[in-house]
Amino acid sequence: MNNIRKGLLALSTATLLCLPAIGQGERIEHNFYIGLGYATEFADEEAPIAFHVGYGLNYYLTRHWSVMPGIGYRAKFEVGDVTGKEGAYDCSYIDIPVLIQYHLSNPRKSGLVVECGPVFSFIASNNQYYNDANPYHPLNDKDIYRSFDFGLQPGIYYQLGKHWRLGLQGHVGLLNLEKDYPGVSGSFHFHDLTATLNFHF
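Parameters at a glance
- Residues numbered from 1 in each chain as written.
- Predicted model: local features only at pLDDT ≥ 70, side-chain atom pairs only at ≥ 80, totals over all residues.
- Heavy atoms only, no water.
- Phe/Tyr/Trp six-rings, centres within 6.5 Å; stacked < 30°, edge-to-face > 60°.
- Helix = DSSP H or I, 4+ residues; strand = E, 2+ residues; numbered from the N terminus.
- Buried < 20%, exposed > 50% of the residue type's maximum accessible area, 1.4 Å probe, protein only.
- Lys NZ or Arg CZ within 6 Å of the ring centre and 35° of its normal.
- Salt bridge = Lys/Arg side-chain N within 4 Å of Asp/Glu carboxyl O.
- 1 Å grid on protein atoms, 1.4 Å probe; cavity = no way out; pocket = protein on both sides within 12 Å on 5 of 7 lines; lining within 4 Å.
- Points joined across faces, edges and corners; volume = space filled by probe spheres on them.
- Nonpolar A, V, L, I, M, F, W, Y, C, P; charged D, E, K, R; others polar.
- Contact = heavy atoms within 4.5 Å.
- Core = buried A, V, L, I, M, F, W, Y, C linked by side-chain atoms within 4.5 Å.
- Pairing = 2+ DSSP bridges.

Asker: Mind laying out the packing of aromatic side chains, listing which residues take part and the relevant values?
Answerer: Evaluation of the coordinates by the stated rule reveals 15 aromatic pairs. Geometrically, the ring pair formed by F32 and F201 is stacked, given 6.3 Å between the ring centres and 15 degrees between the ring planes. Residue F32 is found in strand β1 (residues 28-39), and its partner F201 is found in the segment after β10 (191-200); the two are separated by 169 residues along the sequence. For the pair F42 and F188, a centre-to-centre distance of 5.3 Å together with 85 degrees between the ring planes defines the contact as edge-to-face. With F42 in the loop between β1 and β2 (49-60) and F188 in the loop between β9 (164-173) and β10, this pair connects stretches of sequence that are 146 residues apart. Under the relative-accessibility criterion, F42 is labelled buried at 6%. Sitting over the ring of F190, R74 keeps its end group 4.5 Å from the ring centre.

What follows is the structure, given as structure tokens:
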């Protein structure tokens, strides 16, 4: 709960950056997006699914440049694997991205849109180690992932008419998310790539 509060506080701060846009409705754009793809594997995971959903408040600085703070939910999960441990390494994060976008054509018309910016992430659901062969293993029931992540969110889209964009959105995790425990020396960075649909108005 504290992580969610921190995330909401960060979003509020980011949104304040867009206050000059109040009263200039033609410069504001509301964005809703959803994406599905693949994420990097942890331990013996097999091709975990990546899922993104979120909202961004886009403020146009010029005809081609805009800044978009937002809030999102990002997860990785397994549908199934041959080891019988599907879901053992699932996790999800609340994301606070602050993105810079460049619109190659006039906004709200056809053309490419590229974006990138920092993402501050707070864990929403963790997972715990469990060694069924040794119920007394010292790692059993300990959290796998750290509660905070920092990364970059690149994306490229094609504008489809006035309200839709279709493209690719990624997450590049810059921090090692595997928690430190005695005997644990691994490293895991959360990277993913999703096909993303964006609706904006």
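Asker: So what's going on with the pattern of salt bridges? Which residues, and what values?
Answerer: When the charged atoms of two side chains lie near each other, side chains of opposite charge can form a pair. Using the criterion set out here, one finds 4 salt bridges in the structure. In this structure, D180 and R146 form a salt bridge, with 3.1 Å as the shortest nitrogen-oxygen distance. Of the two residues, D180 is situated in the loop between β9 and β10 and R146 in the loop between β6 (118-125) and β7 (148-152); the sequence distance between them amounts to 34 residues.

Asker: Please set out empty space enclosed by the protein residue by residue, giving values where relevant.
Answerer: All told, the structure shown has 3 cavities of 30 Å³ or more when counted by the stated rule. By volume, the largest cavity amounts to about 50 Å³. Lining the largest cavity are N31, Y33, M68, L99, Q101, E115, Q153, Y157, Q169, T196 and N198. Counting residues per element, the ones that place at least two in the lining of the largest cavity are β1, β4 (91-103) and β10. Residue composition of the lining of the largest cavity, grouped by class: 4 nonpolar, 6 polar and 1 charged.

Asker: Residue-level account of the side chain of N140, with values.
Answerer: Within the element layout of this structure, N140 appears in the loop between β6 and β7. Using a relative accessible area of 11% as the deciding quantity, one classes N140 as buried. In this view, N140 contacts Y129, Y130, N131, N134 and P135; residues no more than four positions away in its chain are not counted.

Asker: Before we move on, can you summarise the nonpolar core with the specific residues and values?
Answerer: By size, the foremost hydrophobic cluster in this structure holds 16 residues, and its most contacted members are F42, Y93, Y129, Y145 and F190. If we skip the residues at most four places from it in the chain, Y129 touches F42, L139, N140, D141, K142, D143, I144, E178, Y181 and V184.

Asker: Now, about the pairing of strand β3 (residues 65-77): what can you tell me, with residues and values included?
Answerer: One ladder, built from 10 bridges, connects β2 with β3; its direction is antiparallel. When the bridges of β3 are listed, Y55 appears paired with I71. Hairpin connection of β2 to β3: 4 residues between the antiparallel strands. One ladder, built from 10 bridges, connects β3 with β4; its direction is antiparallel. Note that in β4 the partner of W65 across the bridge is Y102.

Asker: Talk me through unusual backbone geometry; I want residue IDs and the actual numbers.
Answerer: With a phi close to 50 degrees, A47 is a non-glycine residue in the positive phi region. Mapping A47 onto the fold places it in the loop between β1 and β2. Using a relative accessible area of 41% as the deciding quantity, one classes A47 as partly exposed. The phi dihedral of D141 is positive, around 70 degrees, even though this residue is not glycine. Examined against the element boundaries, D141 turns out to sit in the loop between β6 and β7.

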